[in-house]
Amino acid sequence: MDRNGIHHVTAIASSAVRNLDFYTRVLGLRLVKKTVNFDDPGTYHFYYGDETGSPGSILTFFPWEHAAPGRSGVGQAEETAFRVPQGAIGYWTHRFLAKGVAHEAPEKRFGETVLPFKDPDGMPLALVAATGAEGEPAWLESDVPVEHAIRGFHGVTLMLKDVGPTAAILANVLGFAEAGREGSRVRFKAGGTGLGGVLDIRAVGAFLPGRMGAGAVHHIAFRAADDAAQALMVRKLAENHGLRTTEQLDRNYFRSVYFREPGGVLFEIATDIPGFAVDEPAAILGQTLKLPSFLEPRRKEIEAVLPKVA
Ligand code: ZN
(Lines give C-alpha, C1' and ligand atoms only; values in the text may rest on other atoms or scores of the structure.)
Protein backbone atom coordinates (compact mmCIF):
# COMPACT_ATOMS: atom_id res chain seq x y z
CA MET A 1 0.00 0.00 0.00
CA ASP A 2 1.23 3.46 -0.83
CA ARG A 3 2.31 5.46 2.17
CA ASN A 4 0.87 8.91 1.71
CA GLY A 5 0.45 11.77 4.13
CA ILE A 6 2.59 14.64 5.31
CA HIS A 7 6.35 14.18 4.90
CA HIS A 8 7.50 17.34 6.70
CA VAL A 9 6.41 20.85 7.62
CA THR A 10 8.85 23.77 7.29
CA ALA A 11 8.35 26.98 9.26
CA ILE A 12 10.13 30.26 9.98
CA ALA A 13 11.66 31.02 13.39
CA SER A 14 13.59 33.97 14.76
CA SER A 15 16.25 32.99 17.35
CA ALA A 16 18.04 29.72 16.47
CA VAL A 17 19.06 29.16 20.11
CA ARG A 18 15.53 29.62 21.42
CA ASN A 19 14.06 27.40 18.66
CA LEU A 20 16.50 24.58 19.42
CA ASP A 21 15.85 24.84 23.15
CA PHE A 22 12.06 24.75 22.75
CA TYR A 23 11.77 21.81 20.36
CA THR A 24 14.38 19.59 22.00
CA ARG A 25 14.14 20.51 25.68
CA VAL A 26 10.48 21.48 26.06
CA LEU A 27 8.80 19.25 23.44
CA GLY A 28 11.40 16.47 23.67
CA LEU A 29 11.90 15.99 19.92
CA ARG A 30 15.19 14.80 18.48
CA LEU A 31 17.29 17.21 16.45
CA VAL A 32 17.79 14.80 13.54
CA LYS A 33 19.73 17.16 11.30
CA LYS A 34 21.63 20.39 11.71
CA THR A 35 22.32 21.83 8.29
CA VAL A 36 21.83 25.07 6.37
CA ASN A 37 19.19 26.35 3.99
CA PHE A 38 20.67 25.07 0.69
CA ASP A 39 19.27 28.15 -1.10
CA ASP A 40 20.54 30.57 1.61
CA PRO A 41 23.51 28.92 3.37
CA GLY A 42 23.97 31.74 5.91
CA THR A 43 20.80 30.41 7.59
CA TYR A 44 20.48 27.19 9.58
CA HIS A 45 18.02 24.49 8.65
CA PHE A 46 17.03 22.49 11.73
CA TYR A 47 15.10 19.22 11.39
CA TYR A 48 13.26 17.82 14.43
CA GLY A 49 11.59 14.43 14.54
CA ASP A 50 11.44 10.98 16.06
CA GLU A 51 14.52 8.77 16.54
CA THR A 52 15.19 8.34 12.82
CA GLY A 53 13.32 11.35 11.42
CA SER A 54 10.53 9.19 9.98
CA PRO A 55 8.47 10.81 7.23
CA GLY A 56 5.46 12.29 9.04
CA SER A 57 7.49 13.24 12.12
CA ILE A 58 9.69 16.00 10.71
CA LEU A 59 9.20 19.67 11.59
CA THR A 60 11.91 21.89 10.14
CA PHE A 61 12.84 25.54 10.66
CA PHE A 62 14.72 28.31 8.97
CA PRO A 63 15.72 30.51 11.92
CA TRP A 64 16.21 34.09 10.75
CA GLU A 65 17.41 36.02 13.81
CA HIS A 66 15.66 39.25 12.83
CA ALA A 67 12.55 37.80 11.18
CA ALA A 68 9.44 39.93 11.68
CA PRO A 69 6.48 38.00 13.11
CA GLY A 70 4.20 36.34 10.56
CA ARG A 71 0.45 36.74 10.60
CA SER A 72 -2.10 33.98 10.48
CA GLY A 73 -4.61 34.28 7.66
CA VAL A 74 -6.08 32.91 4.46
CA GLY A 75 -3.76 30.89 2.24
CA GLN A 76 -1.68 29.60 5.14
CA ALA A 77 -1.34 26.75 7.57
CA GLU A 78 -3.32 27.74 10.64
CA GLU A 79 -2.08 25.05 13.03
CA THR A 80 0.38 22.15 13.09
CA ALA A 81 -0.61 19.28 15.39
CA PHE A 82 1.45 16.46 16.93
CA ARG A 83 0.25 13.01 18.01
CA VAL A 84 0.61 11.91 21.63
CA PRO A 85 -0.78 8.78 23.29
CA GLN A 86 -4.23 8.78 24.91
CA GLY A 87 -3.94 10.08 28.45
CA ALA A 88 -0.90 12.31 27.78
CA ILE A 89 -2.79 15.62 27.70
CA GLY A 90 -2.76 16.05 31.51
CA TYR A 91 1.02 15.55 31.60
CA TRP A 92 1.54 18.15 28.85
CA THR A 93 -0.80 20.70 30.45
CA HIS A 94 1.30 20.51 33.64
CA ARG A 95 4.55 20.68 31.65
CA PHE A 96 3.38 23.76 29.73
CA LEU A 97 2.37 25.46 33.01
CA ALA A 98 5.73 24.60 34.61
CA LYS A 99 7.73 25.82 31.61
CA GLY A 100 5.64 28.90 30.86
CA VAL A 101 4.41 27.72 27.44
CA ALA A 102 1.38 29.65 26.10
CA HIS A 103 -1.52 27.20 25.77
CA GLU A 104 -5.30 27.04 25.74
CA ALA A 105 -7.81 24.76 27.46
CA PRO A 106 -8.13 21.32 25.82
CA GLU A 107 -10.95 21.03 23.28
CA LYS A 108 -12.59 18.20 21.34
CA ARG A 109 -12.33 17.78 17.56
CA PHE A 110 -13.79 14.75 15.82
CA GLY A 111 -13.96 13.07 19.25
CA GLU A 112 -10.25 13.57 19.98
CA THR A 113 -8.82 15.73 22.78
CA VAL A 114 -6.72 18.60 21.40
CA LEU A 115 -4.41 20.88 23.44
CA PRO A 116 -3.56 24.04 21.45
CA PHE A 117 -0.29 25.83 22.32
CA LYS A 118 2.31 28.14 20.81
CA ASP A 119 6.06 28.05 20.35
CA PRO A 120 8.24 31.04 21.38
CA ASP A 121 7.67 32.70 17.97
CA GLY A 122 3.91 32.34 18.35
CA MET A 123 3.64 29.42 15.91
CA PRO A 124 0.22 27.79 16.46
CA LEU A 125 0.71 24.15 17.46
CA ALA A 126 -1.43 21.48 19.14
CA LEU A 127 -1.13 18.08 20.76
CA VAL A 128 -3.78 15.51 19.83
CA ALA A 129 -4.44 12.45 21.99
CA ALA A 130 -4.59 9.90 19.17
CA THR A 131 -5.66 6.27 19.20
CA GLY A 132 -2.72 4.04 18.31
CA ALA A 133 -0.01 6.64 19.02
CA GLU A 134 1.29 4.61 21.98
CA GLY A 135 2.55 1.95 19.53
CA GLU A 136 4.49 4.42 17.37
CA PRO A 137 8.21 5.23 17.81
CA ALA A 138 9.33 8.32 19.70
CA TRP A 139 12.65 9.86 20.75
CA LEU A 140 13.49 8.26 24.08
CA GLU A 141 16.47 10.35 25.19
CA SER A 142 14.52 13.38 26.37
CA ASP A 143 13.08 13.87 29.86
CA VAL A 144 9.53 13.32 28.56
CA PRO A 145 8.39 9.84 29.69
CA VAL A 146 7.78 7.56 26.70
CA GLU A 147 4.09 7.09 27.55
CA HIS A 148 3.62 10.84 26.95
CA ALA A 149 6.19 11.56 24.22
CA ILE A 150 5.31 13.14 20.88
CA ARG A 151 5.22 10.55 18.06
CA GLY A 152 5.18 12.86 15.07
CA PHE A 153 2.52 14.84 13.26
CA HIS A 154 -1.15 14.26 13.68
CA GLY A 155 -1.82 16.75 10.90
CA VAL A 156 -2.03 20.30 9.68
CA THR A 157 -4.99 22.69 9.42
CA LEU A 158 -5.08 25.04 6.44
CA MET A 159 -7.12 28.25 6.48
CA LEU A 160 -8.37 28.75 2.91
CA LYS A 161 -10.97 30.74 1.01
CA ASP A 162 -12.70 27.56 -0.24
CA VAL A 163 -12.27 23.82 0.16
CA GLY A 164 -12.95 22.52 -3.35
CA PRO A 165 -9.87 23.22 -5.50
CA THR A 166 -7.38 22.13 -2.80
CA ALA A 167 -9.51 19.09 -1.91
CA ALA A 168 -9.36 17.92 -5.54
CA ILE A 169 -5.55 17.86 -5.40
CA LEU A 170 -5.46 16.15 -1.99
CA ALA A 171 -7.73 13.40 -3.32
CA ASN A 172 -6.48 13.02 -6.88
CA VAL A 173 -2.74 13.52 -6.39
CA LEU A 174 -1.68 13.32 -2.74
CA GLY A 175 -3.56 10.22 -1.56
CA PHE A 176 -6.07 11.80 0.85
CA ALA A 177 -9.83 11.21 1.08
CA GLU A 178 -12.50 13.26 2.84
CA ALA A 179 -13.13 11.76 6.28
CA GLY A 180 -15.65 14.08 7.95
CA ARG A 181 -16.92 17.58 8.59
CA GLU A 182 -17.31 19.43 11.87
CA GLY A 183 -18.26 23.11 11.95
CA SER A 184 -16.06 24.97 9.46
CA ARG A 185 -13.53 22.11 9.40
CA VAL A 186 -13.34 19.51 6.63
CA ARG A 187 -11.06 16.59 7.45
CA PHE A 188 -9.04 14.60 4.92
CA LYS A 189 -7.09 11.46 5.78
CA ALA A 190 -4.30 9.64 4.02
CA GLY A 191 -4.23 5.84 4.03
CA GLY A 192 -1.44 3.61 5.25
CA THR A 193 -0.11 5.66 8.15
CA GLY A 194 -1.15 7.36 11.37
CA LEU A 195 1.80 9.75 11.32
CA GLY A 196 0.98 12.89 9.36
CA GLY A 197 -2.19 11.34 8.01
CA VAL A 198 -4.58 14.26 8.63
CA LEU A 199 -5.13 17.44 6.66
CA ASP A 200 -7.95 19.74 7.80
CA ILE A 201 -9.22 22.65 5.74
CA ARG A 202 -11.10 25.50 7.35
CA ALA A 203 -12.87 27.47 4.63
CA VAL A 204 -13.33 31.04 5.80
CA GLY A 205 -14.21 32.88 2.57
CA ALA A 206 -12.93 36.42 2.17
CA PHE A 207 -10.69 37.07 5.17
CA LEU A 208 -7.33 38.71 5.76
CA PRO A 209 -4.50 36.93 3.92
CA GLY A 210 -1.69 35.51 6.01
CA ARG A 211 1.81 36.98 6.00
CA MET A 212 5.04 34.99 5.99
CA GLY A 213 7.33 35.57 8.97
CA ALA A 214 8.48 34.09 12.28
CA GLY A 215 5.97 31.56 13.58
CA ALA A 216 4.44 30.96 10.14
CA VAL A 217 4.58 27.77 8.09
CA HIS A 218 6.66 28.22 4.93
CA HIS A 219 5.53 25.06 3.15
CA ILE A 220 4.06 21.60 3.66
CA ALA A 221 5.67 18.56 2.09
CA PHE A 222 3.73 15.43 1.16
CA ARG A 223 5.15 11.94 0.80
CA ALA A 224 6.12 10.08 -2.34
CA ALA A 225 7.74 6.67 -1.79
CA ASP A 226 10.38 7.24 -4.47
CA ASP A 227 11.18 9.13 -7.69
CA ALA A 228 8.73 7.11 -9.78
CA ALA A 229 5.84 7.78 -7.38
CA GLN A 230 6.78 11.47 -7.35
CA ALA A 231 6.93 11.63 -11.17
CA LEU A 232 3.44 10.14 -11.37
CA MET A 233 2.13 12.80 -8.97
CA VAL A 234 3.81 15.55 -11.02
CA ARG A 235 2.13 14.20 -14.16
CA LYS A 236 -1.29 14.12 -12.50
CA LEU A 237 -0.87 17.72 -11.33
CA ALA A 238 -0.12 18.83 -14.88
CA GLU A 239 -2.67 16.70 -16.73
CA ASN A 240 -5.61 16.89 -14.33
CA HIS A 241 -5.09 20.26 -12.63
CA GLY A 242 -3.00 22.33 -15.03
CA LEU A 243 -0.37 22.86 -12.31
CA ARG A 244 3.36 22.83 -13.01
CA THR A 245 5.90 21.97 -10.35
CA THR A 246 9.52 23.07 -10.10
CA GLU A 247 12.10 20.68 -11.44
CA GLN A 248 13.26 18.07 -8.94
CA LEU A 249 15.71 19.46 -6.35
CA ASP A 250 18.08 17.25 -4.37
CA ARG A 251 17.67 18.08 -0.67
CA ASN A 252 20.22 15.40 0.35
CA TYR A 253 17.77 13.60 2.68
CA PHE A 254 14.91 13.53 0.13
CA ARG A 255 14.26 14.79 -3.39
CA SER A 256 11.63 17.47 -3.87
CA VAL A 257 9.37 19.28 -6.27
CA TYR A 258 7.34 22.35 -5.26
CA PHE A 259 4.10 23.93 -6.43
CA ARG A 260 1.63 26.56 -5.23
CA GLU A 261 -1.73 24.86 -4.55
CA PRO A 262 -4.90 26.73 -5.64
CA GLY A 263 -5.59 28.00 -2.09
CA GLY A 264 -2.22 29.77 -2.00
CA VAL A 265 -0.17 27.43 0.22
CA LEU A 266 3.25 26.28 -0.98
CA PHE A 267 3.20 22.48 -1.28
CA GLU A 268 6.17 20.16 -1.81
CA ILE A 269 6.28 16.49 -2.77
CA ALA A 270 9.27 14.82 -1.08
CA THR A 271 10.55 11.27 -1.49
CA ASP A 272 10.79 8.98 1.55
CA ILE A 273 14.29 8.07 0.37
CA PRO A 274 17.19 8.27 1.18
CA GLY A 275 16.49 9.61 4.72
CA PHE A 276 18.63 11.25 7.40
CA ALA A 277 21.25 8.52 7.90
CA VAL A 278 22.64 9.18 4.41
CA ASP A 279 25.48 11.44 5.66
CA GLU A 280 25.98 10.48 9.33
CA PRO A 281 25.29 7.41 11.51
CA ALA A 282 21.74 7.15 12.94
CA ALA A 283 23.17 7.09 16.49
CA ILE A 284 24.66 10.58 16.23
CA LEU A 285 22.13 12.38 14.03
CA GLY A 286 22.03 16.14 14.48
CA GLN A 287 25.18 16.58 16.54
CA THR A 288 27.39 18.29 13.98
CA LEU A 289 26.77 20.72 11.14
CA LYS A 290 26.21 18.77 7.92
CA LEU A 291 26.62 20.46 4.56
CA PRO A 292 25.75 19.18 1.09
CA SER A 293 28.86 18.43 -0.98
CA PHE A 294 28.45 21.57 -3.11
CA LEU A 295 28.71 23.74 0.04
CA GLU A 296 31.45 21.76 1.82
CA PRO A 297 34.24 23.90 0.25
CA ARG A 298 32.63 26.97 1.90
CA ARG A 299 32.32 25.38 5.39
CA LYS A 300 34.63 27.85 7.21
CA GLU A 301 32.88 30.90 5.76
CA ILE A 302 29.42 29.41 6.50
CA GLU A 303 30.30 28.44 10.08
CA ALA A 304 31.60 31.96 10.69
CA VAL A 305 28.23 33.60 9.91
CA LEU A 306 25.90 31.09 11.60
CA PRO A 307 24.81 31.90 15.18
CA LYS A 308 26.55 29.78 17.83
CA VAL A 309 24.21 27.08 19.15
CA ALA A 310 24.83 24.18 21.54
ZN1 ZN B 1 10.52 21.16 2.47
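Residues numbered from 1 in each chain as written. Predicted model: local features only at pLDDT ≥ 70, side-chain atom pairs only at ≥ 80, totals over all residues. Heavy atoms only, no water.

### Side note on the overall build of the protein chain
This is how it is decided: Note on conventions: DSSP H or I runs of at least 4 residues are helices, E runs of at least 2 residues are strands, and numbering of each starts at the N terminus. Here the globule rule reads 2.2 Å times residues to the power 0.38, and the radius of gyration is calculated from C-alpha atoms. Two residues form a contact once any of their heavy atoms are found within 4.5 Å. In short, Shrake-Rupley with a 1.4 Å probe defines the accessible areas, and a residue's cover is counted only from the protein chains shown. Only four residue types enter the charge count: Lys and Arg as positive, Asp and Glu as negative, with His and the chain ends excluded. For the purpose of locating charges, the reference atoms are NZ of Lys, CZ of Arg, CG of Asp and CD of Glu.
A count of helices and strands for the protein chain gives five helices and 16 strands. A compact globule built from 310 residues would reach a C-alpha radius of gyration of about 19 Å, and the protein chain, at 18 Å, matches this within 12%. Long-range pairs, those at least 24 residues apart, make up 68% of the contacts in the protein chain with a sequence separation of at least 6. Here the protein chain has roughly 12,800 Å² of accessible surface; of this, 55% comes from carbon and sulfur atoms. Distance between charge centres in the protein chain, computed from 33 positive and 36 negative side chains, equals 2 Å.

### Observations regarding the coordination of the zinc ion
Six octahedral donors around a metal ideally subtend angles of 90 or 180 degrees, whereas four tetrahedral donors ideally subtend 109.5 degrees. Defined as follows: In this analysis a donor is any N, O or S atom within 2.8 Å of a metal ion (3.2 Å for sodium, potassium and calcium), and since water is not included, sites may seem incomplete. When accessible area is computed with a 1.4 Å probe and restricted to protein chains, residues below 20% of their type maximum are described as buried, those above 50% as exposed, and intermediate ones as partly exposed.
Looking at the zinc ion, one finds its protein donor set to be His8 (NE2), His219 (NE2) and Glu268 (OE), positioned 2.0 Å from the metal centre. Mapping the donors of the zinc ion onto the primary sequence yields the spacing H-x210-H-x48-E. In this pair, His219 sits in strand S13 (residues 217-224) while Glu268 sits in strand S16 (residues 266-271), placing the two residues 49 residues apart along the sequence. Since its relative accessible area comes to 4%, His219 is described here as buried.

### Some remarks on the sheet that holds strand S10 (residues 176-182)
For clarity, the threshold we go by: A pair of strands is labelled paired if DSSP reports no fewer than 2 bridges between them. Axis definition: a line fit to C-alpha positions, over the contact stretch in the case of helices; interaxial angles, taken between N-to-C directions, run 0 to 180 degrees.
Strand order in the open sheet formed by eight strands is S6-S7-S8-S5-S9-S12-S11-S10, with mixed pairing between adjacent strands. Of all strands in the sheet, those with a lone pairing partner are strand S6 (107-109) and S10, marking the two edges. Between one strand and the next, the sheet's axes are offset by a mean angle of 30°, whatever the strand orientation. Pairing between strand S7 (residues 112-118) and strand S8 (residues 124-129): five bridges, direction antiparallel. Across the sheet, residue Pro116 finds its bridge partner in S8, namely Ala126. Each of strand S5 (76-84), S7 and S8 touches helix H2 (residues 89-99); the most contacted strand, S7, lies at about 15° to it.

### Topic: the packing of aromatic side chains
Here is the rule: Only centres within 6.5 Å qualify two rings of Phe, Tyr or Trp (six-membered ring in Trp) as a pair; their planes then separate them into stacked at under 30 degrees, edge-to-face at over 60, and tilted for everything else.
With the rule as written, the count across this model stands at 19 aromatic pairs. Between Phe96 and Phe117, the aromatic rings sit 4.5 Å apart at their centres with planes inclined by 35°, giving tilted as the arrangement. Residue Phe96 is found in helix H2, and its partner Phe117 is found in strand S7; the two are separated by 21 residues along the sequence. An identical accessibility class is assigned to Phe96 and Phe117; each is buried. Considering the side-chain rings of Phe176 and Phe222, the 5.8 Å spacing of their centres and the 90° angle between planes classify their relative orientation as edge-to-face. One end of the pair, Phe176, is in strand S10; the other, Phe222, is in strand S13, and 46 residues separate them in sequence.

### Some thoughts on the side chain of Thr157
In this fold, Thr157 is placed in strand S9 (residues 152-160). With residues near it in sequence (within four places) discarded, Thr157 still touches Gln76, Ala77, Glu78, Glu79, Arg185, Asp200 and Arg202.

### Description of the environment of Tyr48
Turning to its location among the elements, Tyr48 is positioned in strand S3 (residues 40-49). Considering only alpha carbons, one finds Tyr48 and His8, 40 residues apart in sequence, at a separation of 9.7 Å.

### Brief notes about the pairing of S5
For S5, a buried count of nine out of nine residues is recorded, marking the element as mostly surrounded by other parts of the structure. By the bridge criterion, seven bridges tie S5 to S9 in an arrangement that is antiparallel. Following the sheet pairing, Gln76 is matched in S9 by Met159. Here five bridges tie S5 to S8, and the two strands are oriented parallel to one another. Considered in S8, the bridge of Thr80 is made with Leu125.

### Brief notes about the packing of helix H3 (residues 164-172) against helix H4 (residues 227-241)
Quick reminder of the rule: What sets the label is the angle itself: under 35 degrees gives roughly parallel, over 145 gives roughly antiparallel, 65 to 115 gives roughly perpendicular, and the rest give oblique. Should the near helix be turned anticlockwise from the far one by less than a right angle, the crossing is termed left-handed; should it be turned clockwise, right-handed. Think of it as three bins: nonpolar holds Ala, Val, Leu, Ile, Met, Phe, Trp, Tyr, Cys and Pro, charged holds Asp, Glu, Lys and Arg, and polar takes everything else, Gly as well.
At a minimum axis separation of 11 Å, H3 and H4 run at an interaxial angle of 135°. In terms of orientation, H3 lies oblique with respect to H4. Note on packing geometry: the crossing formed by H3 with H4 is right-handed. Residues Ala168, Ile169 and Asn172 of H3 pack against Lys236, Leu237, Asn240 and His241 of H4. For the contact of H3 with H4, the residue count by class is three nonpolar, three polar and one charged.

### Focus on the environment of Gly75
Looking at the element boundaries, Gly75 is found in the loop between strand S4 (58-63) and S5. Sequence-wise, Gly75 and Gly49 are 26 residues apart; in three dimensions their C-alpha atoms are separated by 26 Å. With residues up to four places along the chain from it excluded, the contact list for Gly75 reads Met159, Leu160, Gly263, Gly264 and Val265.

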